[in-house]
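What the coordinates show
Below, each chain spelled out in residue letters.
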Amino acid sequence: MSALVLASGSSYRRQLLARLQLEFTAAASDVDEAPLVGETPADLTARLALAKAQALRAVYPEHLIIGSDQAAAIDGATLGKPGGREGAIRQLALQAGRVVTFYTAVCLLDAGSGRCWCDLDVCQVHFRPLTPAQIERYVDREQPFDCAGSFKSEGLGIALFEKVVGDDPNALIGLPLIKLTRLLEQAGVSVL
């Protein structure tokens, strides 16, 4: 089996991948995450997941490299990471009482052969109606500034939702483990 590399500096993705109890190395890839003109959230995440894996190919030429990316969409607009308190408050106010679609792409690149397996998880988050005071309290308590959509569903952010509709709750945190397990099996790595 080739060694695994997670092409991410995200502590959330590292924690998720660790659940599969496989040895891996994590390394951030330097990829411009700006969307292309007219790019859909699904296309953006697929492109970036692959680009993140490919960015580490020269450094890890004999490894299986995992790239992943996530974007949220509401009314056709892509929501990225808020970057700070005011951005998080704006994003959550926009999402309150509405349904937001989250796209989480994952790619597995065999750096030696260049073969790549990719998949996309789509999840709908139904937000509760929220008051400005509730939003501010949440943002101040959890500070979700590095999270697409401005929440941490694995923490207090779960209180923002009425329901979540999707195949893999891990995808909402940043790495679709169910799909990744299938990709690893296609590459000859059995998790079990």
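Every value quoted in this text rests on a predicted model; they were computed, and no experiment measured them.

**Section: the overall build of the protein**
Helix and strand counts for the protein stand at 6 helices and 7 strands. What you see for the protein is a C-alpha radius of gyration of 17 Å, in line with the 16 Å of a compact globule of 192 residues. Each of the three principal axes of the protein carries a C-alpha extent, and together these read 50 × 35 × 25 Å. Within the protein, contacts between residues at least 6 apart in sequence are counted, and of these 66% link residues at least 24 apart.

**Here's the deal with the UniProt feature "active site" (unreviewed entry) in the protein**
Under the present numbering, the feature "active site" (unreviewed entry) in UniProt falls on Asp69. If you trace the backbone, Asp69 turns up in strand β3 (residues 64–74). By relative accessible area, Asp69 is classed as buried at 4%. At 2.8 Å, the side chain of Asp69 forms a polar contact with the side chain of Lys52.

**Quick word on the side chain of Asp110**
Relative to the helices and strands, Asp110 is located in strand β5 (residues 99–110). Salt bridges are absent for the buried Asp110, whose nearest opposite-charge side chain, Arg57, sits at 7.0 Å. Within the structure, the side chain of Asp110 is placed 3.0 Å from the backbone nitrogen of Gly112, a separation counted as a polar contact. Asp110 has contacts with His63, Leu64, Arg115 and Trp117, leaving out every residue within four places of it along the chain.

**So, the pairing of β5**
Counting buried residues in β5 gives 11 out of 12 residues, a clear majority hidden from the surface. Bridge count for β3 against β5 is 10 bridges, and the pairing is antiparallel. Within the sheet, the bridge partner assigned to Gln70 lies in β5 and is Thr104. Where β5 lies against strand β6 (residues 116–127), 11 bridges are found, and the strand directions are antiparallel. Residue pairing across strands places Thr104 opposite Asp121, the latter belonging to β6. What sits between β5 and β6 in their antiparallel hairpin is a turn of 5 residues, with Gly114 showing a positive phi close to 85 degrees.

Scoring rules and cut-offs
- Residues numbered from 1 in each chain as written.
- Predicted model: local features only at pLDDT ≥ 70, side-chain atom pairs only at ≥ 80, totals over all residues.
- Heavy atoms only, no water.
- Helix = DSSP H or I, 4+ residues; strand = E, 2+ residues; numbered from the N terminus.
- Rg over C-alpha atoms; globule rule 2.2 N^0.38 Å.
- Contact = heavy atoms within 4.5 Å.
- UniProt positions renumbered as here; feature names shortened; annotations may be inferred.
- Buried < 20%, exposed > 50% of the residue type's maximum accessible area, 1.4 Å probe, protein only.
- Polar contact = N/O pair within 3.5 Å; in protein donor to acceptor, adjacent residues only side chain to side chain.
- Lys, Arg positive; Asp, Glu negative; His and termini not counted.
- Salt bridge = Lys/Arg side-chain N within 4 Å of Asp/Glu carboxyl O.
- Pairing = 2+ DSSP bridges.

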